[in-house]
Amino acid sequence: MELRGVEELMDLLHACRGTPEHGGGPAGPVDLHHHALQTAALLRRSRPADKELQVAGLVHVIGRLLVPGDPTRHARIAADAVRHLLGERVARLVHDSPHTTDLDPHVDADALTLRQADEAGLVPGFDAGVLEDWRTLLGLVAKQHSRLSAVD
């Protein structure tokens, strides 16, 4: 599946509401919707200038909705879905983040940062805002990518 626009991506992220995250965090389960918001919010705090990293944190959950029950393909499916819309870097971060370890010298620091935010973004009750807050940033990253693609 290839996402055709920000609205389609927003719809998919809204559909994550109520879908449980795998096991949740130490305090209990968090749904994919809130997990995505928490991950993105943590990245916004730690790396405020890196918009693509924040967006990758927001969209990394969609593979679980697109291929439920097949955890081996979640990251690849999510990366493939956002590549055309959000660019190669966002797709690479989404693909690499769940498969990394601190001991892997081939994984870049950004993927490790996303992995850490992913692991930390499982806190029930943590107010990470609402999805609508991310619409503008998703649009900006998509627009930037489309301009870069037009130059190539």
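Note that the structure is predicted; figures quoted are calculated from it, not measured. (Residues numbered from 1 in each chain as written. Predicted model: local features only at pLDDT ≥ 70, side-chain atom pairs only at ≥ 80, totals over all residues. Heavy atoms only, no water.)

When you go through the protein chain residue by residue, the secondary structure sums to eight helices and zero strands. Along the protein chain, helices (α) and strands (β) appear in the sequence α-α-α-α-α-α-α-α when read from the amino end. Residue burial in the protein chain is summarised as follows: out of 152 residues, 48% are buried. Within the protein chain, counting contacts between residues at least 6 apart in sequence, those at least 24 apart form 62% of the total. Per element, the accessible surface of the protein chain, about 7,700 Å² overall, is 56% carbon and sulfur. (Helix = DSSP H or I, 4+ residues; strand = E, 2+ residues; numbered from the N terminus. Buried < 20%, exposed > 50% of the residue type's maximum accessible area, 1.4 Å probe, protein only. Contact = heavy atoms within 4.5 Å. Areas by Shrake-Rupley, 256 points an atom, 1.4 Å probe, with all protein chains shown as cover.)

Below, the discussion takes up the confidence of the model for the protein chain. Looking at the protein chain as a whole, its pLDDT mean stands at 87, while 86% of the residues score no less than 70. Least confident of the elements in the protein chain is helix H8 (residues 135–151), whose mean pLDDT is 87; most confident is helix H3 (residues 51–59), at 98. (pLDDT = per-residue confidence, 0-100.)

For the coordinates displayed, the defined rule picks out zero aromatic pairs. Above the face of the Trp134 ring, Arg44 is positioned so that its terminal group lies 3.8 Å from the ring centre. (Phe/Tyr/Trp six-rings, centres within 6.5 Å; stacked < 30°, edge-to-face > 60°. Lys NZ or Arg CZ within 6 Å of the ring centre and 35° of its normal.)

Before going further, it helps to spend a moment on the side chain of His60. With respect to the secondary-structure elements, His60 resides in the loop between H3 and helix H4 (62–66). Polar side-chain contacts of His60 include one of 2.7 Å to the side chain of Asp118. Leaving out residues up to four positions away in the same chain, His60 has contacts with His35, Thr39, Ala78, Val94 and Asp118. (Polar contact = N/O pair within 3.5 Å; in protein donor to acceptor, adjacent residues only side chain to side chain.)

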